[in-house]
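Remarks on the overall topology
So you can see what is in the structure, the chains are spelled out below.
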Amino acid sequence: MRIETKLFLYLLGFFVPVTLIYGFWSKWEPIGTTALTLSALLFALTGFYLYMTGKKLPLRPEDNASGEIEDAEGNYGYFVASSWTPLWLAGSGAIMFAGLAVGWWLFIIGAFVGIVAVCLWVFESFSGEYSI
């Protein structure tokens, strides 16, 4: 968590001066100044959360400056070798979004295709050539 904490705190260190420069330059224009202030506060909040969480957790291999790639090895999970199901799922999402503009009948067709695609995606690892 150390690397992520540094990233967000560096971005906080960038947005605070940018906010002040923008504020002075634009005579404290409300919309841009508010947006930059909220961006700085977002990075402060996230950086503080990562700092506090990182103190409670042990060091990860990514946090070790002299760490090797082998330190992070292990099982990352099971992934299907190839699958066409995400394509059908994306197509059903496109049909559903088009249905919002065209008509509810198209949205319902896309929803049915999406339900079938989700079921196929969930159960594709239990049948066929790449079953586990």
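Residues numbered from 1 in each chain as written. Predicted model: local features only at pLDDT ≥ 70, side-chain atom pairs only at ≥ 80, totals over all residues. Heavy atoms only, no water.

Under an unreviewed UniProt entry, the name given to the protein chain is Cytochrome c oxidase polypeptide 4, and the organism recorded is Terrabacter lapilli.

**So, the overall build of the protein chain**
Defined as follows: Strands here are runs of E lasting at least two residues and helices are runs of H or I lasting at least four, both read from the DSSP assignment and numbered beginning at the N terminus. Note on method: radius of gyration uses C-alpha positions; expected globular size equals 2.2 Å times residues raised to 0.38. Burial classification: accessible surface area is computed with a 1.4 Å probe over protein chains only, and a residue below 20% of its type maximum counts as buried, one above 50% as exposed, and the rest as partly exposed.
A count of helices and strands for the protein chain gives four helices and zero strands. Listed by position from the N terminus, the elements making up the protein chain come as α-α-α-α. Over its C-alpha trace the protein chain gives a radius of gyration of 24 Å, far above what one expects of a compact globule, namely 14 Å for 132 residues. Dimensions of the protein chain, computed from the C-alpha atoms along their principal axes, are close to 60 × 50 × 20 Å. Within the span of the protein chain, comprising 132 residues, buried residues form 18% of the whole.

**A few points about the pattern of salt bridges**
Opposite charge on two side chains makes pairing possible when the charged atoms of those side chains draw close. The following threshold applies: What counts as a salt bridge is simple: a side-chain nitrogen of Lys or Arg found within 4 Å of a carboxyl oxygen of Asp or Glu.
One pass over the structure, following the stated rule, counts three salt bridges. Here Glu62 makes a salt bridge to Arg60, at a shortest N to O gap of 3.7 Å. Exposure remark for Glu62: the relative accessible area of 45% places this residue in the partly exposed category. Note that Asp63 and Arg60 form a salt bridge whose closest N and O atoms lie 3.7 Å from each other. The exposure class of Asp63 is buried, given its relative accessible area of 17%. Arg60 sits in the partly exposed class, given a relative accessible area of 29%. Taken together, the shared-partner salt bridges connect Glu4, Arg60, Glu62 and Asp63 into one network.

**A short note on the packing of aromatic side chains**
Rules: Classification of ring pairs uses Phe, Tyr and Trp, with its six-membered ring standing for Trp, and accepts pairs whose centres are within 6.5 Å; under 30 degrees between planes counts as stacked, over 60 as edge-to-face, and the remaining range as tilted.
Applying the stated criterion to the full structure yields five aromatic pairs. Between the aromatic rings of Phe8 and Phe43, the centroid separation amounts to 5.7 Å while the plane-to-plane angle is 40 degrees, which identifies the pairing as tilted. With Phe8 in helix α1 (residues 2-25) and Phe43 in helix α2 (residues 30-56), this residue pair connects regions lying 35 residues apart in the sequence. On the numbers, 5.1 Å between centres and 70 degrees between planes, the contact of Phe24 with Trp28 is edge-to-face. Among the residues examined, Trp28 registers a relative accessible area of 43% and is labelled partly exposed. Three or more aromatic residues joined by ring pairs form one cluster here, namely Phe8, Phe14, Phe15 and Phe43.

**Things to note about the side chain of Thr19**
The criterion, for reference: N or O atoms within 3.5 Å of each other form a polar contact, as long as, within protein, one can give a hydrogen and the other can take it, and as long as residues adjacent in sequence are counted only when both atoms are side-chain atoms. Residue contacts are defined here by distance: any two heavy atoms, one from each residue, within 4.5 Å place the two residues in contact.
Among the structural elements, Thr19 can be located in helix α1. Overall, the relative accessible area of 8% leaves Thr19 in the buried class. There is a polar contact of 3.4 Å between the side chain of Thr19 and the backbone oxygen of Leu36. Dropping the residues within four chain positions of it, Thr19 is found in contact with Trp28, Thr33, Leu36 and Thr37.

**Digging into the UniProt feature "transmembrane region" (unreviewed entry) in the protein chain**
Here is the rule: UniProt positions are given in the numbering used here, feature names are shortened, and annotations may be inferred rather than shown by experiment.
Using the residue numbers shown here, the UniProt feature "transmembrane region" (unreviewed entry) corresponds to residues 7-25, 31-51, 76-98 and 104-123. Secondary structure over residues 31-51 splits into 100% helix and 0% strand, and the C-alpha atoms at its two ends are 30 Å apart. For residues 76-98, helix accounts for 61% and strand for 0%, while the C-alpha atoms at its two ends are 37 Å apart.

**Notes on unusual backbone geometry**
Backbone geometry places Lys27, a non-glycine residue, at a positive phi of 60 degrees. Along the chain, Lys27 turns up in the loop between α1 and α2. Phi is positive for Trp28, which is not a glycine, with a value near 55 degrees. Among the secondary structure elements, Trp28 is positioned in the loop between α1 and α2.

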